[in-house]
Amino acid sequence: MLPPFDYFEHRRACQRKQLERSTRIANLPPSYHSPISSQDHEILDKPIETIVQDVHKQVLKPIDILRTYGKVAIQAHEKINCLTEVMLPEAESWAENEVNLKGPLAGIPISLKDSIAVRGFDVSVGYSRNTGKPYAEDGSLVKILKAAGAVPYVKTNLPTTLLSFESSNDVWGRCLNPHNPKYSPGGSTGGESALLAYGGGRIGIGSDVAGSVRVPAHFSGIYSLRCSTGRWPKMGMNTSMPGQEGIPSVFSPMARTLEDLVYFSRSLIGMKPWLWDHTVHPIEWRKDEERRVKETKKFKIGIMRTDGVVDPSPACARALERTVSALSSQGHTLVDISPPSPYTALLIGSQLLNSDGCKMFLSFFRTGETNDPGARQMSLYMKMPRPFKYLYYFWVKYVTRDSVWAGLLENWNEKSAYEQWKWVSKREAYKACWHEWWKGEELDFMLTPVNATPAVPHCGMKEAVSSCGYTFLFNLLDYTCGVMPITHVNKVLDKLPATFQFNKLNGVAQGAYRHYDAEKMHGLPVAIQVVGQRLQEEKVLAIMERIEEALVETGGKYDLLKIE
């Protein structure tokens with residue numbers, strides 16, 4: 001379609017979808033618009049395992065659970081714009097006629113990132129081009145969920161490119177952080193984290209290619225698990241980068257509480273998802289691994305205090321130290337570590353992820369459609385003529401003497417297959433190096449910051465786009481990682497020291513710190529990352545439980561947002 005007409009079609013598609021969403025919300029039964037009752041609070045306070053038991057015993061009806069969480073989800077959306085597709089009328093029918101109410105997730109409402117396919121609904125991924133094309137059947141993940149008894153009820157907001165720690169697009173608008181509307185809830189699974197933090201759900205599913213379920217958990221104050229590839233279903237989804245395998249994206253669970261995250265992960269893998277999705281490894285849930293972790297008296301824990309590219313801000317360093325202190329008080333062995341260069345992972349990962357010259361995610365845009373600020377920066381530099389690009393690289397490398405930023409710029413070009421294979425070889429050599437290093441250190445697990453800073457303000461990814469090393473590292477390695485909230489930013493405790501020199505930072509660090517302001521960020525959540533090796537989901541979750549026990553014994557765990 002010619003550009004002028006394409007633009008008008010883009011605007012019509014956005015208006016159509018927003019009108020469709022608002023109309024569906026307005027036409028919901030009165031129960032979804034009524035105040036939260038004491039009976040609702042009883043349901044909202046129950047872990048999902050207890051809710052499932054109540055459904056099995058017919059103490060609770062799935063329709064009542066759905067209407068309670070649907071009510072809070074609508075309330076959340078009105079304040080933070082977290083929802084895309086509102087599926088509540090259909091969900092009522094599924095709860096009555098389609099889901100397995102004898103399953104391990106019987107009656108549990110589950111929210112889904114917009115990129116997940118549900119029968120009868122679009123999978124827009126925030127692109128207007130993908131609207132008006134409802135899927136004819138559920139994706140494999142949704143089929144598994146319904147067979148387990150779960151009830152999909154809403155889909156959640158995200159950035160168009162899926163390459164941002166923000167969640168905004170022209171189709172659905174901008175999602176806000178429930179703790180502070182001036183800040184991002186994270187991305188690319190930001191609508192999910194915002195909804196769960198607000199209390200409009202207990203369980204959701206997102207995807208992660210550079211930190212997209214972990215950074216939203218950190219920004220919004222919830223729990224998440226980044227599974228290794230092959231442990232969680234991935235078919236029946238849409239994406240901004242189909243075919244990209246240099247750094248595979250993984251779908252993974254997110255939850256309001258750790259208890260729910262553990263139960264949900266155990267239940268879904270217990271459904272033998274490899275029977276539904278050919279991408280899933282046939283690995284049963286390993287109860288013996290859970291038990292071994294729970295019975296281990298003393299762990300050896302590696303503490304990665306910095307990735308060597310962007311030192312963590314005072315708030316993020318304090319959250320890590322709070323966790324270290326709690327574990328140390330229980331007699332565990334904690335050692336500061338210097339693993340194989342995380343900067344090398346950032347360098348390799350960024351080249352692989354964008355080896356197509358950013359062509360794929362740009363191919364879905366219509367004329368005039370808004371790009372994410374960070375993704376725009378990546379694509380603009382990718383398109384820059386080679387002579388100008390070289391001059392800029394030369395300036396950064398030899399005039400400003402910023403070797404970190406220059407290293408990322410040096411090969412920022414579209415790759416041939418020959419060049420791509422070379423980078424894949426570097427990735428595999430790097431992974432082997434880490435494997436040997438971990439074996440030599442004899443670590444049980446690692447602790448790291450999730451991100452250098454707490455949540456970025458809206459449009460902050462324009463500067464902070466390259467500051468993703470703490471999470472991206474483990475996508476390249478394909479390690480299992482969990483995120484758990486620890487504390488909140490304190491405007492007094494988390495001020496930058498008087499000795500802080502912004503101009504002495506490298507280009508990546510400057511982008512991260514440009515928006516760090518403890519006073520403005522006061523009250524935002526701060527989390528830590530728990531890292532195991534590949535395919536260690538049971539172990540990482542069990543370790544997270546041990547950490548939370550230590551936190552409770554030494555001053556208390558994180559306080560969730562209260563549901564009003």
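All values derive from a computational prediction rather than experimental measurement.

Quick look at the overall build of the protein chain
Working step 1: For the protein chain, the helix and strand inventory stands at 22 helices and 13 strands.
Working step 2: Its C-alpha radius of gyration of 23 Å places the protein chain within 12% of the 24 Å reference for a compact globule of 564 residues.
Working step 3: Its C-alpha atoms give the protein chain principal-axis dimensions of roughly 70 × 65 × 45 Å.
Working step 4: Out of the 564 residues in the protein chain, the part that is buried amounts to 61%.
Working step 5: Taking all contacts inside the protein chain whose residues are at least 6 apart in sequence as the whole, residues at least 24 apart take part in 81%.
Working step 6: Split by element, the accessible area of the protein chain, about 21800 Å² in all, is 53% carbon and sulfur.

With respect to the UniProt feature "active site" (unreviewed entry) in the protein chain
Working step 1: Mapped onto this structure's residue numbering, the UniProt feature "active site" (unreviewed entry) falls at K113, S188 and S212. Despite a sequence span of 100 residues, these residues sit close together in the fold, their greatest C-alpha distance being 10.9 Å.
Working step 2: With respect to the helices and strands, the residue K113 is situated in strand β2 (residues 109–113).
Working step 3: Ignoring anything within four residues of it in the chain, the contact list for K113 reads K155, T156, L158, L162, S188, T189, E192, I205, G206, S207 and S212.
Working step 4: At 2.5 Å, the side chain of K113 and the side chain of S188 are in polar contact.
Working step 5: Leaving out residues up to four positions away in the same chain, S212 has contacts with K113, L162, G187, S188, T189 and S207.

Considerations on unusual backbone geometry
Working step 1: With an omega of 5 degrees, the peptide bond between G187 and S188 qualifies as cis.
Working step 2: Look at L162: it is not a glycine, yet its phi comes out positive at around 60 degrees.
Working step 3: You can see L162 is positioned in the loop between β3 (151–156) and β4 (168–169).
Working step 4: Within the chain, D478 stands out as a residue other than glycine whose phi angle is a positive 65 degrees.
Working step 5: Residue placement: D478 occurs in the loop between α19 (469–477) and β12 (481–488).

Here's the deal with the confidence of the model for the protein chain
Working step 1: Averaged over all residues, the pLDDT of the protein chain is 97; the fraction at 70 or higher stands at 100%.
Working step 2: Ranking the elements of the protein chain by mean pLDDT puts helix α15 (residues 386–399) last, at 94, and strand β13 (residues 525–531) first, at 99.

A look at the environment of L443
Working step 1: Within the element layout of this structure, L443 appears in the loop between α17 (417–441) and β11 (445–449).
Working step 2: Given the relative accessible area of 6%, L443 is considered buried.
Working step 3: In sequence terms L443 and K300 are 143 residues apart; their C-alpha atoms lie 5.3 Å from each other.
Working step 4: Not counting the four nearest positions on each side in its chain, L443 is found in contact with K300, I301, G302, V335, I337, W437 and W438.

Cut-offs applied
- Residues numbered from 1 in each chain as written.
- Predicted model: local features only at pLDDT ≥ 70, side-chain atom pairs only at ≥ 80, totals over all residues.
- Heavy atoms only, no water.
- Helix = DSSP H or I, 4+ residues; strand = E, 2+ residues; numbered from the N terminus.
- Rg over C-alpha atoms; globule rule 2.2 N^0.38 Å.
- Buried < 20%, exposed > 50% of the residue type's maximum accessible area, 1.4 Å probe, protein only.
- Contact = heavy atoms within 4.5 Å.
- Areas by Shrake-Rupley, 256 points an atom, 1.4 Å probe, with all protein chains shown as cover.
- UniProt positions renumbered as here; feature names shortened; annotations may be inferred.
- Polar contact = N/O pair within 3.5 Å; in protein donor to acceptor, adjacent residues only side chain to side chain.
- pLDDT = per-residue confidence, 0-100.

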